[in-house]
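Coordinate inspection notes
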Amino acid sequence: MSTQLRENVVRTRTEYGAVLLDERTGRYFTLNPSADLAVGVLAQGGTAEQAAQAVTEAYDVDDATARADVELLLGSLRTAGLAR
């Protein structure tokens, strides 16, 4: 199952990862580079599994940790109202 950012959320990449702006509330959220990589995979229609795989390929992290981190990220994005 893929997860997408809501229409009112703008993602801007920075040298330190990315910033998400919720245009409804004016709140900003920062993403570190690994979280930005995962969000990028998801934004292109990828699944949480594909996002975790991308993280393990790009960073020195094992598969179980990457999967748990991506699931935590997804939960945080949904709780903040940034993803559906």
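See the structure printed just above.
Residues numbered from 1 in each chain as written. Predicted model: local features only at pLDDT ≥ 70, side-chain atom pairs only at ≥ 80, totals over all residues. Heavy atoms only, no water.

1. Quick notes on the overall build of the protein
Put simply, the test is: Working definition: helices are DSSP H or I runs of at least four residues, strands are E runs of at least two. Numbering for both runs from the N terminus. In this treatment the radius of gyration is a C-alpha quantity, and the globule benchmark scales as 2.2 Å times the residue count to the 0.38 power. Between buried and exposed lies partly exposed: a residue is buried under 20% and exposed over 50% of the maximum accessible area for its type, with that area taken using a 1.4 Å probe on protein chains only. Using a 1.4 Å probe, the Shrake-Rupley method yields the accessible areas, and only the shown protein chains count as cover for residues. A positive count includes Lys and Arg, and a negative count includes Asp and Glu. His and the chain ends are not counted in either. Charged side chains are reduced to one point each, which is NZ for Lys, CZ for Arg, CG for Asp and CD for Glu.
Secondary structure assignment for the protein yields three helices and three strands. Reading the secondary structure of the protein in the N-to-C direction produces β-β-β-α-α-α. In terms of C-alpha radius of gyration, the protein reaches 12 Å, essentially the compact-globule figure of 12 Å for 84 residues. When the 84 residues of the protein are sorted by exposure, 37% land in the buried category. Accessible surface, the protein: about 5,100 Å² in total, of which carbon and sulfur atoms supply 50%. Considering the protein, the positive charge centre built from 8 side chains and the negative charge centre built from 12 side chains are found 9 Å apart.

2. A closer look at the packing of helix H1 (residues 33-43) against helix H3 (residues 63-79)
We count it as follows: Axis angles are defined between N-to-C directions and span 0 to 180 degrees, where every axis is a line fitted to C-alpha atoms and, for a helix, only to the segment in contact. If an angle is under 35 degrees, it is roughly parallel; if it is over 145, roughly antiparallel; if it lies from 65 to 115, roughly perpendicular; otherwise it is oblique. Two residues qualify as a contact provided that any one of their heavy atoms is within 4.5 Å of a heavy atom in the partner residue. Residues are grouped as follows: Ala, Val, Leu, Ile, Met, Phe, Trp, Tyr, Cys and Pro are nonpolar; Asp, Glu, Lys and Arg are charged; all remaining types, including Gly, are polar.
Closest axis-to-axis distance for the H1/H3 pair is 11 Å, and the angle between their directions is 75 degrees. Classified by the interaxial angle, the pair formed by H1 and H3 is roughly perpendicular. Here H1 contributes Ala35, Ala38, Val39 and Leu42 to the contact with H3, which in turn contributes Val70, Leu73, Leu74 and Leu77. By residue class, the composition of the contact of H1 with H3 is eight nonpolar, no polar and no charged.

3. Comments concerning the sheet that holds strand E1 (residues 9-14)
In plain terms, the rule: Strands are labelled as partners when DSSP assigns at least two bridges between them.
As summarised here, the arrangement of the three strands in space is E1-E2-E3, forming an open sheet in which the pairing is antiparallel. Unpaired on one side and paired on the other, E1 and strand E3 (27-31) mark the two borders of the sheet. For this sheet the average axis-to-axis angle between neighbouring strands, irrespective of direction, equals 20 degrees. Pairing of E1 with strand E2 (residues 17-22) involves six bridges; the strand directions are antiparallel. In the strand pairing of E2, Thr14 is matched with Gly17.

4. Description of the pairing of E3
Summarising the sheet, E2 and E3 pair through five bridges and their orientation is antiparallel. Bridge pairing links Leu20 to Phe29 in E3. If you look at the hairpin formed by E2 and E3, you'll find four residues sitting between the two strands, and Gly26 has a positive phi there, around 80 degrees.

5. Things to note about the environment of Gly26
Within the fold, Gly26 resides in the loop between E2 and E3. Taking the C-alpha atoms as reference points, Gly26 and Ala68, 42 residues apart in sequence, are found 29 Å from one another.

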